[in-house]
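# Fold and geometry: a report
If you want the building blocks of each chain, they are given just below.
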Amino acid sequence: MSSSSLSRTPLPARAAAIAAAALLGGAVLTACGSEDGSGEGATATGPTVVASTSVYADIAEQVAGDNATVEAVISDPAADPHSYEASPADAAAVSGADLVVYNGAGYDSFVDRALENAADVPVVRAVDEYERVTGESIAEHSHGDDHGADDHGHDDDHGAEGDHGAEDGHDGHGSDDDHDGHDHASDTNEHVWFSLPTAAAVAERVAEELAAIDEENAEEYRENADRFADSLAPLEAELDAIHDRGHFPYAQTERVGAHLFDAAHMVDLTPRGFLASIEDDTDPSAADLSAMLDLMGEREVAFLAFNTQTETTVTARVRDAAESADVAVVDLTETLPEGMDYTTWMTGIVNSLSSALDGATPVADGGH
């Protein structure tokens, strides 16, 4: 589903925000969402939902149906939300919305800044829903211009999903004791839309918020949220089937899809220093890069998870090493690929995982 960018007649509680947007010299909503300008000048009669990215816009749109207008601030499939600079019109759209849906934990911090000047705009934060369904909280991150270690909390205790990786990046992997309890350090991974239960919880919360705003269509919102959750059930079953086969080792250029891999109890062998460096926009040490390349060359992992939206010369080198060694590469993005909805997108990724694991050997037996 694509998100539209329609202007609207504001509700009285939002009049001040819309007036402020006019003073900033831009129509409030035409800067958000789609780039084709369709619907310019039209008036929506239902609530307006503004989402930080196309991922959350799609989830909200599947809940809203035809009863609300849903817009994405970031809809470009090639955009990196970490470094997105919101325009004044983007900020005004957020503060003038009837409902805002975003990730939180500093991932899309431009939304938090916009909400500072908004009066009681209802919000759905995905990290809050992640905590609700998992009991684990996500630490606040900073993705501003200064990508230092302190901003990200990448100190010496910073581990790749599960505190794997000794000094050389992957000593000791493969023993059962290394993976007891499946501690994946989820509090350091804010990419929670890759958690299928979280996506379903976001849809549920969106339905409840829209039901409170638009009581006439409350039941339809709730039914749509249930339908969305049902569409994810086959994917969760497929991840469970992978889990039952044992712990499969993998590496990643960035922890974008790690929540999905955690659901299947996979084992991340990525050197911790490599991940910290990539996430801090710095070059990894020679030792960390060498350890990462060894994982590929020696085929110690079943696949490499590759974030195509933050490709660098270093990560491209790792990908080349994986392909040269016939290690499967699973491509990931942080926004919806063009022409896909959330369920279709996740289905493709899970299917890619299953294909990558054909013939792979787990590092521990199933039945855990």
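Every value quoted in this text rests on a predicted model; they were computed, and no experiment measured them.

Attention now moves to the nonpolar core. Across soluble globular proteins, you tend to see nonpolar side chains buried next to one another. Counting residues in hydrophobic clusters, the biggest one holds 61 residues, and the most contacted among them are Val-101, Phe-303 and Tyr-342. Of the residues forming this core, the biggest block, 8 residues, is contributed by helix α7 (residues 196–213). Excluding its chain neighbours within four sequence positions, the residues that come into contact with Val-101 are Val-49, Val-50, Ala-51, Ser-52, Tyr-56, Ala-60, Val-124, Val-202 and Val-206. Listed in part, the 18 residues of the second largest apolar core include Ala-251, Val-267, Leu-295 and Val-318.

As summarised here, the arrangement of the 4 strands in space is β2-β1-β3-β4, forming an open sheet in which the pairing is parallel. At either end of the open sheet lies a strand with only one pairing partner, and these are β2 (69–74) and β4 (123–125). Going across the sheet, the axis of each strand differs from the next one's by a mean of 20°, ignoring polarity. Two elements, strand β1 (residues 48–53) and strand β3 (residues 99–102), share 3 bridges in a ladder whose sense is parallel. Paired with Val-49 across the bridge in β3 is Leu-99.

Oppositely charged side chains can form a pair if their charged atoms are brought close together. Enumeration over the complete set of coordinates arrives at 8 salt bridges. Glu-204 serves as the salt-bridge partner of Arg-132, at 3.5 Å between the closest nitrogen and oxygen. Linking Arg-132 in helix α5 (residues 126–134) with Glu-204 in helix α7, this pair joins segments that are 72 residues apart in sequence. A single network of salt bridges, built from pairs that share partners, joins Glu-129, Arg-132, Glu-204 and Arg-205.

Analysis parameters
- For every chain, the first residue of the written sequence is number 1, and numbering continues from 1 onward in sequence order.
- pLDDT decides what is reported in this predicted model: residues at 70 or higher carry local features, side-chain atom pairs at 80 or more are listed and counted, and totals for whole chains, interfaces and linings draw on all residues regardless.
- Note: side-chain values were computed over all heavy atoms of the structure, leaving out hydrogens and water.
- We call a set of buried Ala, Val, Leu, Ile, Met, Phe, Trp, Tyr and Cys residues a nonpolar core when their side-chain atoms join them within 4.5 Å.
- The classification of residues rests on relative accessible area computed with a 1.4 Å probe and restricted to protein chains. Under 20% of the type maximum is buried, over 50% is exposed, and intermediate values are partly exposed.
- Helix numbering and strand numbering both begin at the N terminus, where a helix is a DSSP run of H or I of at least 4 residues and a strand a DSSP run of E of at least 2.
- We call two residues in contact whenever any of their non-hydrogen atoms come within 4.5 Å of each other.
- A pair of strands is considered paired only if DSSP assigns at least 2 bridges between the two.
- Throughout, an axis means a line fitted to C-alpha atoms (over the contacting stretch in the case of helices), and angles, computed between N-to-C directions, take values from 0 to 180 degrees.
- The rule for a salt bridge is simple: a side-chain nitrogen of Lys or Arg has to be within 4 Å of a carboxyl oxygen of Asp or Glu.

Keep in mind that these numbers describe shape and distance, not what the molecule does.
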